[in-house]
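Okay, here's what each chain looks like letter by letter:
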Amino acid sequence: MSMVFDLQWILYTGAIGLIAIGLVGIIWSRHLFRIILSLAIAEAGANLMLVIAGYRLHGHAPIMVAGVWPEQMVDPVPQAMVLTAIVIGVGIQALALSLAIRVKEAYHSLDIDEIRAAMQADIDAQAGVTGDLSQEEPSGREVIGPTVAAEEGRS
Amino acid sequence: MIWITGLLVVVMLLAALAVIFFNNHVAAVAAASVVSLALSVLFLLLKAPDVAMTEAAVGAGLSSLILALALRRLGLTQTGAASATDEREKNR
């Protein structure tokens, strides 16, 4: 009984550890590429958690062969879900990397603080706001957003 | 079973920590590939051979390929002197 507890404890430690490391990397990283890598790590942890949920101790692989009955097999449904999730995860990763490449082309940086400052400067320039001149009152006439000012300028 | 599982979990978590703490981006991609590889062996031990096959092919193979190509497009491959490809990317 002790061995059973130990095996499950180790497996859940691995899954929760991967998710925790991935989340810490997403929150604490300042580089866009590192954030994408941390997202992949967290995804791997979630996949491992799902496979552990369907695992049965001393079970057989869910493949129909002679002498193995379905009651002796591990649960195949989470495995099918994880199979789909792995492929979707790679798709998400490819999409995120393509967006990172676009950001690099637009702002020539991958540091999220620099990107955020550059985006804020673009929004301010489009809205006609001249930056953070005052902390007490809005510094420009239009504080709603860039779209209103853009429409006014176009008409 | 329990010892090899514990060893794989330790390798996996250390590689995941390396992904966060390595400064070199190529090394971080390699560490992410190690995480996927250890995870695929763990799936095999958990009696999920189809998931292990997919994780090894897609997670460790295709994902690393995509990450390496993106590293070249982003200009983060700092492995010494600038090659002709880097110069061409820089001038484009």
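For the structure, check the block above.
The rules behind the values
Residues numbered from 1 in each chain as written. Chains lettered and ligands numbered in written order. Predicted model: local features only at pLDDT ≥ 70, side-chain atom pairs only at ≥ 80, totals over all residues. Heavy atoms only, no water. Helix = DSSP H or I, 4+ residues; strand = E, 2+ residues; numbered from the N terminus. Buried < 20%, exposed > 50% of the residue type's maximum accessible area, 1.4 Å probe, protein only. Areas by Shrake-Rupley, 256 points an atom, 1.4 Å probe, with all protein chains shown as cover. Patch = residues over 30% accessible without salt bridge, like charges linked within 9 Å, V, L, I, M, F, W, Y side chains within 5 Å. Salt bridge = Lys/Arg side-chain N within 4 Å of Asp/Glu carboxyl O. Contact = heavy atoms within 4.5 Å. Buried area = accessible area lost by both parts, 1.4 Å probe. Polar contact = N/O pair within 3.5 Å; in protein donor to acceptor, adjacent residues only side chain to side chain. Nonpolar A, V, L, I, M, F, W, Y, C, P; charged D, E, K, R; others polar.

### Things to note about the overall build of chain B
Each helix and strand in chain B was counted, giving four helices and zero strands. Along chain B, from the amino end to the carboxyl end, the secondary structure elements read α-α-α-α. In chain B, which comprises 92 residues, the proportion classed as buried is 46%. Accessible surface, chain B as shown: approximately 4900 Å² in total, 68% of it carbon and sulfur.

### Some points on a nonpolar patch on the surface
Together, Val10(B), Leu14(B), Leu17(B) and Phe21(B) give the surface a local cluster of nonpolar side chains, amounting to about 410 Å² of exposed area. Residue placement: Leu17(B) occurs in helix α1 (residues 2-21).

### Quick word on the interface of chain B and chain A
Taken together, the contact between chain B and chain A spans 41 residues of the former and 43 residues of the latter. Taken over both partners, the interface formed by chain B and chain A buries close to 3600 Å², and the fraction arising from carbon and sulfur atoms is 82%. Inspection of the region where chain B meets chain A yields seven residue pairs in polar contact (both at pLDDT 80 or more). For the side of chain B that touches chain A, the elements supplying multiple residues, two or more each, are α1, α2 (25-45) and α3 (49-74) of chain B. Broken down by element, the residue count for the side of chain B that touches chain A peaks at 14 residues, all from α3(B). Here the residues of the side of chain B that touches chain A are counted per class, giving 30 nonpolar, seven polar and four charged.

### Side note on unusual backbone geometry
A positive phi angle, close to 60°, is found at His58(A), a residue other than glycine. Mapped onto the secondary structure, His58(A) falls in the loop between α2 (32-53) and α3 (76-107). Positive phi is not limited to glycine here, since Lys47(B) has a value of about 60°. Mapped onto the fold, Lys47(B) is located in the loop between α2 and α3. A relative accessible area of 29% means that Lys47(B) is categorised as partly exposed.

Honestly, it's all geometry; don't read function into it.
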